[in-house]
Amino acid sequence: MAKLNFGGVMENVVTREEFPLEKAREVLKGEKIAVLGYGVQGPGQSLNLKDNGFDVIVGQRPGKTYDKAVEQGWKPGETLFSIEEACQRATIIMCLLSDAAVIEQWPVIKKHLSAGKALYFSHGFAITWPDRTGVVPPADVDVIMVAPKGSGASLRSMFLEGRGVNSSYAVEQDATGRALDRTLALGIGIGSGYLFETTFRREAVSDLTGERGALMGAIEGLFQAQYEVLRENGHTPSEAFNETVEELTQSLMPLFAAKGMDWMYANCSTTAQRGALDWKDQFHDAIKPVMQKLYKAVESGEEAQKSIDSNSQPGYREQLNEELRQMRESELWRAAETVRRLRPEND
């Protein structure tokens, strides 16, 4: 484990060089890994583990995702089982179900958490707010986490390209004395680029804040606001979309992803530089109070409870699909369809 300097703060980081795949295989030799859930993270993590030579099975309820698992090579009765049977067979239970499904399936999972097993998560939600989720593991099992900082689809596609999504890792409970080694081995096994240390609580709070903030909620709100102002002042949909979304995602993001925001600024016009530097503090001052309010709501468990209450409603999926339909059919994202078709690589 190396100590690396992140902006003046030293943090623990594990790389594939110091914890190679061969070591991961040795650590998990004789372990049977059950991946529960085949929705967002399940396919990428299970397929990467299988391709890396680990003994993996999948536990999934009947339905579309079960059928998807079959289509992707998991064999019913051999490597694909019910959630309960997968838990019974495994020494490591990778709980990659949705937060709502974890709560629903917890009695089944807990029943098969015998001494010495490991309970693995890729999100700290269930463990961080046990008073709301009811998820309290027995004291004689390892409770561990590897949380890829990207979607399951990205984890899989980058693995196939020989790359890796960075992941955080945490050990909440070390009953066997092997919890850290198991955690790091699984992190390498699923194809992480590197692993950085966290806790279940820090991961849960930062993840919920990020999803509601800069990663999804805030950026969609920003896109909508700028697009609407441009359209209200006579700009065409193509112009408004290109100035709001297309230039950011296709031109500028790759620049600051590669070498930093200052480098991106240095490679833009002097007019853009001056205007951006003059306005960034006004955006910061306007947005920070909203981010503070958001963080407080997440840390208190209020957002967790909203998620639990919403996701447990009978009509949740229909309501979600309706909200996504409204977003998809907004002028902004209908304009995006045409813009994407016009990209040269789509000719």
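Structure: see above.
Reading the values: rules and limits
Starting afresh in each chain, residues are numbered from 1 along the sequence in its written order. Note on the predicted model: pLDDT of at least 70 is required for a residue's local features to be given, and 80 or more for side-chain atom pairs to be given and counted; whole-chain, interface and lining totals, by contrast, use all residues. The basis for the side-chain values is all heavy atoms of the structure; hydrogens and waters are excluded. Secondary structure elements follow DSSP: runs of H or I no shorter than four residues count as helices, runs of E no shorter than two count as strands, and numbering proceeds from the N terminus. Only heavy atoms enter the contact rule, under which two residues are in contact if any of them lie within 4.5 Å. Under the scheme applied here, a residue whose accessible area is under 20% of the maximum for its type counts as buried, over 50% as exposed, and between as partly exposed, the area being computed with a 1.4 Å probe on protein chains only. By definition here, a helix of n residues has an expected span of 1.5 Å times n minus one. Across the chain, bend at a residue is computed as the angle between axes fitted to the seven residues ending at that point and the seven starting from it. Here a cavity denotes grid points, spaced 1 Å and computed from the protein atoms alone, that fit a 1.4 Å probe unable to get out, and a pocket denotes an open set having protein on both sides within 12 Å along at least 5 of 7 lines; residues with an atom within 4 Å of a point are the lining. Grid points are joined across faces, edges and corners, and a volume is the space filled by probe spheres set on the points. Three classes are used: nonpolar for Ala, Val, Leu, Ile, Met, Phe, Trp, Tyr, Cys and Pro, charged for Asp, Glu, Lys and Arg, and polar for all others, with Gly counted as polar. Strands are treated as partners if at least two bridges between them are detected by DSSP. Every crossover in which the path from the first strand over the helix to the second runs clockwise, viewed with the strands pointing away from the viewer, is termed right-handed. A carboxyl oxygen of Asp or Glu within 4 Å of a side-chain nitrogen of Lys or Arg is what we treat as a salt bridge. Side-chain rings of Phe, Tyr and Trp (the six-membered ring for Trp) are treated as a pair once their centres are within 6.5 Å; stacked means planes under 30 degrees apart, edge-to-face means over 60, and tilted covers the remaining angles. For a ring to carry a charge above it, either NZ of a lysine or CZ of an arginine must fall within 6 Å of the ring centroid while also lying within 35 degrees of the normal to the ring plane.

### Structural notes on the environment of Leu-252
1) Next: Positionally, Leu-252 belongs in helix 12 (residues 237-259).
2) Next: Each C-alpha atom of the pair Leu-252 and Trp-333 lies 20 Å from the other, and the pair is 81 residues apart in sequence.
3) Next: Sequence-distant contacts of Leu-252, defined by excluding residues within four places in its chain, comprise Glu-247, Met-264 and Cys-268.

### Quick look at the side chain of Arg-182
1) Next: You can see Arg-182 is positioned in helix 9 (residues 179-189).
2) Next: A relative accessible area of 2% places Arg-182 in the buried class.

### Focus: the side chain of Ser-307
1) Next: Tracing the backbone through its elements, the reader meets Ser-307 in helix 15 (residues 302-311).
2) Next: Judged by relative accessible area, which is 17%, Ser-307 ranks as buried.
3) Next: Residues in contact with Ser-307, not counting those within four places in the same chain, are Phe-125 and Arg-212.

### Here's the deal with helix 5 (residues 99-111)
1) Next: In this model helix 5 runs 19 Å from its N-terminal to its C-terminal C-alpha over 13 residues, within 8% of the 18 Å that 1.5 Å per residue would give.
2) Next: The largest bend along helix 5 measures about 60° and falls at Gln-105, with the proline Pro-107 one to four residues further on.
3) Next: Listing the buried residues of helix 5 in full gives Ala-101, Val-102, Gln-105, Trp-106 and Ile-109.
4) Next: Turning to helix 5, the residues buried within the fold contact strand 3 (33-36), helix 4 (83-89), strand 6 (92-95), strand 7 (118-121) and helix 6 (125-128).

### Structural notes on the layout of surface pockets
The rolling of a water-molecule-sized probe over the atoms marks out the regions of remaining empty space.
1) Next: Of the pockets and cavities examined, the second largest pocket occupies roughly 1700 Å³.
2) Next: Forming the boundary of the second largest pocket are 35 residues, of which Leu-222, Phe-223, Gln-226, Leu-248 and Met-261 lie nearest the centre.
3) Next: At 14 residues, helix 14 (residues 270-299) tops the list of elements feeding residues into the lining of the second largest pocket.
4) Next: Looking at side-chain class alone, the lining of the second largest pocket contains 23 nonpolar, eight polar and four charged residues.

### A look at the pairing of strand 9 (residues 167-173)
1) Next: When strand 8 (residues 142-148) meets strand 9, the two strands line up antiparallel, connected through six bridges. Bridge assignment links Ile-144 to a residue of strand 9, and that residue is Val-171.
2) Next: In the sheet, strand 9 pairs with strand 10 (residues 194-197) via three bridges, with the strands oriented parallel. Considered in strand 10, the bridge of Ser-167 is made with Leu-195.
3) Next: Where the polypeptide runs from strand 9 across helix 9 and back to strand 10, its parallel neighbour, the crossover connection is right-handed.

### Brief notes about the pattern of salt bridges
1) Next: Counted by the stated rule, this structure contains 20 salt bridges.
2) Next: The salt bridge involving Arg-274 is made with Asp-278; its shortest N-O contact spans 2.9 Å. Remark: Asp-278 and Arg-274 occur in helix 14; sequence separation between them is four residues, near one turn of the helix.
3) Next: Its relative accessible area of 47% is what places Arg-274 among the partly exposed residues.
4) Next: We classify Asp-278 as partly exposed; its relative accessible area is 43%.
5) Next: Among the charged side chains, a salt-bridge network with shared partners connects Glu-211, Arg-212, Glu-302, Glu-303 and Lys-306.

### Thoughts on the packing of aromatic side chains
1) Next: Throughout the structure, instances matching the rule amount to six aromatic pairs.
2) Next: Ring centres of Tyr-194 and Phe-196 lie 6.3 Å apart, and the angle between their planes is 55°; this geometry places the pair in the tilted category.
3) Next: Judged by relative accessible area, Tyr-194 falls into the partly exposed class, the value being 27%.
4) Next: Using a relative accessible area of 22% as the deciding quantity, one classes Phe-196 as partly exposed.
5) Next: Judged by centre distance (6.3 Å) and plane angle (65°), the ring pair of Phe-223 and Trp-333 falls under edge-to-face. Within this pair, whereas Phe-223 is found in helix 11 (residues 217-232), its partner Trp-333 is found in helix 17 (residues 331-342), the two being separated by 110 residues in sequence. For the pair Phe-223 and Trp-333, one class covers both residues: buried.
6) Next: Over the aromatic face of Trp-74 sits the side chain of Lys-50, whose NZ or CZ is 4.3 Å from the ring centroid.

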